[in-house]
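Notes for the structure review
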Amino acid sequence: MDFQLSDDQRALRAGVRELLAGRFGRDRMRAALDDGTGVDRALWRELGEAGFFSLRLPEAEGGVGLGLPESVLLFEEVGRSLLPGPLIATHLAAGPVKGAAQGGTVVAVLDPGQPVAHLGEADALLVLGPGDGPRASAASVDVTRVRDDATPVRSIDPFTPLWRAGDPEETGERLPRGGQLRDEGALLAAAEQLGSAARTTEMAVQHAGEREQFGSPIGSFQAVKHLCAGMLVRAELARCAVYAAAVTADPVEIAGAKLLADDAAVRNARDCLQVHGGMGFTWEADVHLHLKRAWLRSGQWLAAAAAEEVLAGDLC
């Protein structure tokens, strides 16, 4: 059995990376950060035209007709680029929610008890309904009434505005595959974490090769080598788990992948800061942005405590 990516999958990943580099490269990312820009509607529509949101819809419904493994490759690239916005919720809502597949509708997610990201910019709301365990039902509700009663809260990630919202009064329209959406959302969040972990590894290695101390690149020092090697191990371990879970779509494997990817994203960003030294903490550096996003994402879709319960339950 061949576990390598196919040529089509490699081409898909390369195409998304090229698109994001051209439309949300570092200069554009820093400008959006300085301007406080949230969801870029033009880029959102461009992603829709490229099939980003409709990737898994059948071709008969105007989609690309691919599967969960291909979606994971897309969201891994999103994690590398720090592209903001509720991309996962919009991707999952494509088809049932009008306009989501084309990028004309921005869909946020409401997970009971958790802050809602990008509520102020959302056109629709995906509600992960009450249920036992991580596999809850899901529905689409009118975002206006929820937003009117919501309160903005401080976010650790400058790209991700957060709102504290109560449970919507209306039950909303039940979505097909509602019981799978939390699992799939958790897997795509893990893919974003994987992309961030891989990117911070590259940033650390690049800096270690360029920065000199005592007449030598700091990457020649054993302590720095160990940091970079540990980052690579964590990223590749998470990659194996995320890719495997994308193939099986098993809730237990998804829980394990989310735990490993969260750990890799957070710890790699911390070690990347260590390699960069004092400059890694400055606003001009990008390392702290990856760390803040990784912290925030680790509590979304499937937090560590819930993932651990899934794994523990499978042992019983």
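Anything mentioned here points back to the structure above.
We now turn to the structure provided with this report. (Residues numbered from 1 in each chain as written. Predicted model: local features only at pLDDT ≥ 70, side-chain atom pairs only at ≥ 80, totals over all residues. Heavy atoms only, no water.)

With respect to helix α3 (residues 41-49)
In an α-helix there are 3.6 residues to a turn, and that puts residues three or four apart on one side. Quick reminder of the rule: Burial here depends on accessible area, computed with a 1.4 Å probe over protein chains only, as a share of the maximum for the residue type. Under 20% is buried, over 50% is exposed, and the range in between is partly exposed. Numbering of helices and strands starts at the N terminus; helices are DSSP runs of H or I of at least 4 residues and strands are runs of E of at least 2. What the arc describes is the spread of directions from the helix axis to the C-beta atoms. N or O atoms within 3.5 Å of each other form a polar contact, as long as, within protein, one can give a hydrogen and the other can take it, and as long as residues adjacent in sequence are counted only when both atoms are side-chain atoms.
Of all the residues in α3, the buried ones are L43, W44, L47 and G48. Buried positions in α3, seen along its axis, are confined to an arc of 145° and lie on one side of it. Residue D40 occupies the N-cap position of α3, its side-chain oxygen lying 3.1 Å from the main-chain nitrogen of A42. Two residues or fewer past α3, G51 is found with a positive phi of approximately 85°.

Some words on the packing of aromatic side chains
As a reminder of what qualifies: Pairing of aromatic side chains here covers Phe, Tyr and the six-membered ring of Trp, requires ring centres within 6.5 Å, and sorts the geometry by plane angle: under 30 degrees stacked, over 60 edge-to-face, intermediate tilted.
Summed over the entire model, instances satisfying the criterion amount to four aromatic pairs. With 6.5 Å between their ring centres and 65° between their planes, F24 and F159 make a pair best called edge-to-face. With F24 in the loop between α1 (7-23) and α2 (26-35) and F159 in the loop between β5 (151-153) and β6 (162-164), this pair connects stretches of sequence that are 135 residues apart. For F24, a relative accessible area of 8% puts it in the buried group. Cluster of aromatic residues (ring-pair linked, three or more members): W44, F52, F53 and F75.

A closer look at the environment of V287
The line we're drawing: Here, two residues are considered to be in contact whenever any of their heavy atoms come within 4.5 Å of each other.
Tracing the backbone shows V287 in helix α10 (residues 287-297). As a C-alpha pair, V287 and R270 span 17 residues in sequence and 8.4 Å in three-dimensional space. Excluding residues within four positions of it along the chain, V287 makes contact with M203, A269, C272, L273, H276 and G280.

Quick look at the sheet that holds strand β2 (residues 116-117)
Stated formally: Strand pairing is assigned whenever DSSP detects at least two bridges linking the two strands.
Judged by pairing direction, the sheet is antiparallel, and its three strands sit side by side in the order β2-β6-β5 without closing on themselves. Two strands close off the open sheet at either side, each with one partner strand: β2 and β5. Relative to β6, β5 runs antiparallel, the two sharing three bridges. Directly across from P152, in β6, lies its bridge partner W163.

As for the pairing of strand β1 (residues 107-110)
Strand residues, when the strand is regular, have side chains that alternate between the two faces of the sheet. The alternating pattern of β1 places V107 and V109 and A108 and L110 on opposite faces, both of which are buried. Examined bridge by bridge, β1 and strand β3 (residues 124-128) share four bridges and lie parallel to one another. The partner of V107 across the bridge, within β3, is A124.

Let's talk about the nonpolar core
Going by this rule: What we call a nonpolar core is a set of buried Ala, Val, Leu, Ile, Met, Phe, Trp, Tyr and Cys residues that are connected through their side-chain atoms within 4.5 Å.
Counting residues in hydrophobic clusters, the biggest one holds 65 residues, and the most contacted among them are F75, L87, V242 and W301. For this core, the element with the most residues is helix α7 (residues 178-210), which contributes nine residues. Among the nonpolar cores identified, the runner-up in size contains 16 residues, and M231, V266, V275 and L291 belong to it.

Let's talk about unusual backbone geometry
Positive phi, close to 65°, is recorded for L82, a residue that is not glycine. As for its position among the elements, L82 is in the loop between α4 (68-81) and α5 (87-93). A positive phi is found at F214, a non-glycine position, where the angle reads about 55°. Mapping F214 onto the fold places it in the loop between β8 (212-213) and β9 (216-217). A residue is classified by how much of its surface remains accessible, and F214, at 79% relative accessible area, is exposed.

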